[in-house]
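# Inside the fold
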Amino acid sequence: MVLSDADNRLIAEIQNGLPLAPRPWAEIGARLNMPEAEVIERMEALQENGYIKRLGIVVRHHELGYNANAMVVWDVPDDRVQAVGDALGRQRCVTLCYQRPRRLPHWPYNLFCMIHGKDRQRVLDYIDQITGELGLQEIPREVLFSGRRFKQRGARYR
Amino acid sequence: MDDIDRRIINRLQGGFPICEHPYREAARELGIGEEELIERLEKMLEDRRLSRFGPMYHAEKLGGGLSLCAMAIPEEKFDTVAEQVNTFPEVAHNYARDHQLNMWFVLATETPERIGEVLEEIERVTGYRVYNMPKLEEFYVGLRFEL
């Protein structure tokens, strides 16, 4: 699928949020001079083709009581990254899991995951639990809790 | 925050229906009225429990650049540098973390090439090195918060 000009206008129009009205797609269509049925069709295609990863609520986790957020970083041997990443990604408490480049000598870690919890102790307990369950005790890791948050906004597109 | 709000949050982090009456359909599944769902979403957005109600895009597929960056900033310079870094509109979130690399932010740019340019610019303005750690592989996660 190649994005058309109409798709791009639609992507830009809804990036900050959907209308909270009974027929949101009709409203978007009115703004874009596009029939409701066409908006719906384009939205379905954007979602099916992975341009839209998900549609719905994006939470502010601090405001919902998830006060501790830890970035847990691991130095996994390259030939095990895929397996360990897949296993970590399946854990309920893990909200993101990425492989990233090491930056030697200052930064030896190549696997990053985010773990959110109500407080730091809870997060540390989760980490102990998954380390044990997945047999990751031998893999060097660090836990970077977040302190102050300076800025939080969604990325802007178009 | 009551049980209905909680159910709305747990059910609607993704999966919002794409049809003529999506709120009605989602509300039916939750066992509440369409109007109530809309009102509750409005309220939760207003008091900032929700960041937004809409799409989460795949940045790279839309042709954008995305990267996680870190810097090591001496404590006494931290606030000044944070301010300088946050001035860049491409900086999405910025968190202090307890490590020698103590400032972590996400860069989101319109094109992948812009990442490098913005990084250089940040290094020039602040005088500190930026460690660029773009994602190499994404492992599947639900990316959901259960309440």
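Everything in this summary refers to the structure shown in the same document. (Residues numbered from 1 in each chain as written. Chains lettered and ligands numbered in written order. Predicted model: local features only at pLDDT ≥ 70, side-chain atom pairs only at ≥ 80, totals over all residues. Heavy atoms only, no water.)

## Some points on the overall build of chain B
Each helix and strand counted, chain B has 5 helices and 6 strands in total. The helix and strand sequence of chain B, counted from the amino end, reads α-α-α-β-β-α-β-β-α-β-β. Relative to a compact globule of 147 residues, whose C-alpha radius of gyration would be 15 Å, chain B shows 20 Å and is clearly more extended. C-alpha atoms of chain B, sized along the principal axes, occupy 55 × 35 × 25 Å. Considering chain B as a whole, with its 147 residues, one finds that 50% of them fall into the buried category. (Helix = DSSP H or I, 4+ residues; strand = E, 2+ residues; numbered from the N terminus. Rg over C-alpha atoms; globule rule 2.2 N^0.38 Å. Buried < 20%, exposed > 50% of the residue type's maximum accessible area, 1.4 Å probe, protein only.)

## Here's the deal with the state of the cysteines
Under the counting rule described, the total for this entry stands at 0 disulfides over all chains. Not engaged in a disulfide, the cysteine A:Cys93 finds its nearest cysteine sulfur in A:Cys113; these two sulfurs lie 7.7 Å apart. In this model B:Cys69 remains outside any disulfide bridge; the closest cysteine sulfur is found in A:Cys97, 19 Å from its own. (Disulfide = S-S within 2.5 Å.)

## Some thoughts on the pairing of strand E4 (residues 111-117) of chain A
Residues and elements named next belong to chain A. Burial runs high along E4: 7 of the 7 residues are buried. When strand E2 (residues 68-74) meets E4, the two strands line up antiparallel, connected through 7 bridges. Each bridged residue has a counterpart across the sheet, and for Val-73 the counterpart in E4 is Phe-112. Alignment of strand E3 (residues 94-99) against E4, held across 5 bridges, turns out to be antiparallel. By the bridge assignment for E4, Tyr-98 is matched with Phe-112. (Pairing = 2+ DSSP bridges.)

## Regarding the interface of chain A and chain B
Facing 78 residues of chain A, the contacting portion of chain B comprises 72 residues. In total, about 7300 Å² of surface goes out of reach between chain A and chain B, with carbon and sulfur atoms giving 60% of it. Inspection of the chain A/chain B interface yields 2 salt bridges. Note that B:Glu20 and A:Arg23 form a salt bridge whose closest N and O atoms lie 3.4 Å from each other. At the junction of chain A and chain B, the tally comes to 29 residue pairs in polar contact (both at pLDDT 80 or more). Looking at side-chain class alone, the side of chain A that touches chain B contains 39 nonpolar, 20 polar and 19 charged residues. (Contact = heavy atoms within 4.5 Å. Buried area = accessible area lost by both parts, 1.4 Å probe. Salt bridge = Lys/Arg side-chain N within 4 Å of Asp/Glu carboxyl O. Polar contact = N/O pair within 3.5 Å; in protein donor to acceptor, adjacent residues only side chain to side chain. Nonpolar A, V, L, I, M, F, W, Y, C, P; charged D, E, K, R; others polar.)

## Things to note about the environment of B:Pro134
In this fold, B:Pro134 is placed in the loop between strand E5 (131-133) and strand E6 (137-138). A sequence separation of 44 residues divides B:Pro134 from B:Glu90, and the C-alpha atoms of the two residues are 15 Å apart. Discounting chain neighbours no more than four positions away, the residues touching B:Pro134 are A:Gln99, A:Arg100, A:Pro101, A:Arg103, B:Leu66, B:Ser67 and B:Leu68.

## Considerations on the pattern of salt bridges
The tally for this structure, following the rule as stated, stands at 23 salt bridges over all chains. The shortest N-O distance in the salt bridge between A:Asp5 and A:Arg9 comes to 3.9 Å. Of this pair, A:Asp5 and A:Arg9 both sit in helix H1 (residues 5-14), 4 residues apart, which is roughly one turn of the helix. Among the residues examined, A:Asp5 registers a relative accessible area of 57% and is labelled exposed. With a relative accessible area of 36%, A:Arg9 lands in the partly exposed category. Beyond isolated ion pairs, a larger network of salt bridges with shared partners links B:Asp2, B:Asp5, B:Glu36, B:Arg40, B:Lys43, B:Asp47 and B:Arg49.

## A closer look at the nonpolar core
If you look at soluble globular proteins, the nonpolar side chains tend to sit buried side by side. Membership of the largest hydrophobic core comes to 39 residues, with the highest contact counts inside it found for A:Trp25, A:Met43, A:Ile57, B:Ile8 and B:Leu37. Elements supplying a minimum of two residues to this core: H1, helix H2 (24-32), helix H3 (36-48) and strand E1 (52-59) of chain A together with helix H1 (3-11), helix H2 (22-30), helix H3 (34-46) and strand E1 (50-57) of chain B. For A:Trp25, the contacting residues outside a window of four places in its chain are A:Leu18, A:Glu36, A:Val39, A:Ile40, A:Met43, A:Leu55, B:Pro17, B:Ile18, B:Cys19 and B:Pro22. If you look at the next biggest cluster of nonpolar residues, it comprises 21 residues, including A:Val123, A:Leu136, A:Ile139 and A:Phe145. (Core = buried A, V, L, I, M, F, W, Y, C linked by side-chain atoms within 4.5 Å.)

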